[in-house]
Amino acid sequence: MGSGAGGGVRRRGRALEGLRGYGLIVAMWIRSTMAYRTSFVLTAVGNAAITFLDFVAIVVMFSHVDVLGGFTLPEVALLYGASSASLGLADLLLGNTDRIGARIRDGSLDTMLVRPVPVLAQVAADRFALRRLGRVGQGLAVLGWAGAALDVAWTPAKVLLVPVMVVGGAAIFGAVMLAGAAFQFVAGDAAEVQNSFTYGGNTMLQYPPTIFAKELLRGVTFIVPLAFVNWLPALYVLGRPDPLGLPGWVAFLSPLVALAVYGPAALAWRAGLRSYRSTGS
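Quick look at the structure, then. Note that this is a predicted model, so its numbers are computed, not measured.

1. Observations concerning the packing of helix α2 (residues 37–62) against helix α7 (residues 133–149)
So, point 1. Taken N-terminus to C-terminus, the directions of α2 and α7 make an angle of 45°; their axes are 7 Å apart at the nearest point. Looking at the two axes, α2 sits oblique to α7. For the pair α2 and α7, the crossing hand works out as right-handed. Side by side, α2 and α7 meet where A44, N47, A48, T51, F52 and F55 of the first sit next to G134, R135, Q138, V142 and W145 of the second.
So, point 2. When the residues that make up the contact of α2 with α7 are grouped by side-chain class, the tally is six nonpolar, four polar and one charged.

Structure, rendered in structure tokens:
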């Protein structure tokens, strides 16, 4: 009992140490960014404008059709806004983990191993790009417009589910990013594989689940659970049935699903870090 309690205290201590180190590194990069505020504003606005083009394409498509897979433009906007904001948050906080393969190749990971800060905190916080708030902002703007335009009976549960959907979706994307980073210890450079599940998954989630085959829906629900990012919560908000026949309460499981993905991803990360052999450079 004492040994287990001691292990739990040590794990909490390492977690707090990692969060503190992450915060210090992030603060350093934010101070550096704010030294050139005009440049930051321009890049953030440019980032938002570029990502907003995806939604412009959806609007143009709806100029030729009234519904897509049975969904109207405001309903698709709900999917788009939630997914884009979730990915933006995850990308802001953990997006740099996709560079771990490059660090392994050039040997820069070696320097992180000797610093008194957990490696994951260093990898995630390094070159922290505050400009990525642009994606978050434009996603939330579209989400707000969708909420105002939808013909939905807003109950307290539905109102609560919207922020849970965004934050839980960000946690799921973040867990997938961590799993992808762990895989790069084995593959050497699998950033594109990682991005296919995050950025590629985000593109898929911006469209109604009703236009996809059920085999794909099962895959993104039970294998890589991206459906919990926005599809399942949004279906509950819209009062629509799930194509796979899942009960309505699963819409609230996004945070738990994120924890379920994070557990094995964290174990894989630790295993990859232990198996890492220095480049010697």
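2. Let's talk about the nonpolar core
So, point 1. If you look at the biggest cluster of nonpolar residues, it comprises 48 residues, and the most contacted ones within it are L78, L226 and W231.
So, point 2. Of all elements in the fold, only α2, α3 (73–94), α7, α8 (156–187), α9 (191–205), α10 (214–223), α11 (231–238) and α12 (254–275) reach the threshold of two or more residues within this core.
So, point 3. If one sorts the elements of this core by residue count, α3 sits on top with 10 residues.
So, point 4. Not counting residues up to four positions away in its chain, the partners in contact with L78 are L143, A146, L150, M165, A234, V237 and L238.
So, point 5. Of all hydrophobic cores here, the second largest spans 14 residues; its members include I104, M112, A181 and A266.

3. Observations regarding a nonpolar patch on the surface
So, point 1. Residues F52, L53, V56 and V60 make up a contiguous nonpolar surface patch of roughly 320 Å² in combined accessible area.
So, point 2. Among the structural elements, V60 can be located in helix α2.

4. Considering the pattern of salt bridges
So, point 1. Evaluated as defined, the whole model comprises four salt bridges.
So, point 2. Between D126 and R99 there is a salt bridge, with its nearest N and O atoms 3.8 Å apart. Pair noted here: D126 is in the loop between α6 (119–125) and α7 and R99 is in the loop between α3 and α4 (100–106), with a separation of 27 residues, a long-range link.
So, point 3. Residue D126 is classed as buried on the basis of its relative accessible area, which comes to 15%.
So, point 4. Through salt bridges with shared partners, one network takes in R99, R103 and D126.

5. Section: the packing of aromatic side chains
So, point 1. As enumerated under the stated definition, the model contains six aromatic pairs in all.
So, point 2. Pairing F52 with F55 gives two aromatic rings, centres 5.8 Å apart and planes at 50°, and the pair type is tilted. With F52 and F55 both in helix α2 and three residues apart, this pair spans about one turn of that helix.
So, point 3. For F52, a relative accessible area of 33% puts it in the partly exposed group.
So, point 4. Classification of F55 as buried rests on a relative accessible area of 7%.
So, point 5. Plain terms: the ring middles of F212 and W231 are 5.6 Å apart, the flat faces sit at 40° to each other, and that makes the pair tilted. Of this pair, F212 sits in the loop between α9 and α10 while W231 sits in helix α11, and the two are 19 residues apart along the sequence.
So, point 6. Accessibility expressed as a relative area gives 23% for F212, which makes it partly exposed.
So, point 7. For W231, a relative accessible area of 3% corresponds to the buried category.
So, point 8. Among the aromatic residues, ring-to-ring pairing joins F52, F55 and Y80 into one connected group.
So, point 9. A cation over an aromatic ring shows up here: R240 above the ring of F71, its NZ or CZ 4.2 Å from the ring centre.

6. Concerning the layout of surface pockets
So, point 1. Space inside the largest pocket adds up to approximately 1,200 Å³.
So, point 2. Along its surface, the largest pocket is lined by 32 residues, and A15, L120, A121, L178 and Y262 are the ones closest to its centre.
So, point 3. Only α1 (2–34), α3, α6, α8 and α12 provide two or more residues apiece to the lining of the largest pocket.
So, point 4. No other element matches α12, which puts nine residues into the lining of the largest pocket.
So, point 5. Taken together, the residues of the lining of the largest pocket sort by class into 25 nonpolar, three polar and four charged.
So, point 6. As a volume, the second largest pocket reaches approximately 270 Å³.
So, point 7. Around the second largest pocket, the lining is made up of 15 residues, and of these T33, F128, A129, L130 and R131 lie nearest the centre.

7. Re the side chain of D242
So, point 1. Note that D242 resides in the loop between α11 and α12.
So, point 2. There is no salt bridge for the buried D242, and the closest opposite charge comes from K214, which lies 8.6 Å off by N-O distance.
So, point 3. At a separation of 3.1 Å, a polar atom in the side chain of D242 contacts the main-chain amide nitrogen of L244.
So, point 4. In this structure, D242 is in contact with L232 and L235, ignoring residues within four places of it in sequence.

About the criteria used
Residues numbered from 1 in each chain as written. Predicted model: local features only at pLDDT ≥ 70, side-chain atom pairs only at ≥ 80, totals over all residues. Heavy atoms only, no water. Axes fitted to C-alpha atoms, helices over the stretch in contact; angles between N-to-C directions. Helix = DSSP H or I, 4+ residues; strand = E, 2+ residues; numbered from the N terminus. Parallel < 35°, antiparallel > 145°, perpendicular 65-115°, else oblique. Left-handed = near helix turned anticlockwise from the far one by under 90°. Contact = heavy atoms within 4.5 Å. Nonpolar A, V, L, I, M, F, W, Y, C, P; charged D, E, K, R; others polar. Core = buried A, V, L, I, M, F, W, Y, C linked by side-chain atoms within 4.5 Å. Buried < 20%, exposed > 50% of the residue type's maximum accessible area, 1.4 Å probe, protein only. Patch = residues over 30% accessible without salt bridge, like charges linked within 9 Å, V, L, I, M, F, W, Y side chains within 5 Å. Areas by Shrake-Rupley, 256 points an atom, 1.4 Å probe, with all protein chains shown as cover. Salt bridge = Lys/Arg side-chain N within 4 Å of Asp/Glu carboxyl O. Phe/Tyr/Trp six-rings, centres within 6.5 Å; stacked < 30°, edge-to-face > 60°. Lys NZ or Arg CZ within 6 Å of the ring centre and 35° of its normal. 1 Å grid on protein atoms, 1.4 Å probe; cavity = no way out; pocket = protein on both sides within 12 Å on 5 of 7 lines; lining within 4 Å. Points joined across faces, edges and corners; volume = space filled by probe spheres on them. Lys, Arg positive; Asp, Glu negative; His and termini not counted. Polar contact = N/O pair within 3.5 Å; in protein donor to acceptor, adjacent residues only side chain to side chain.

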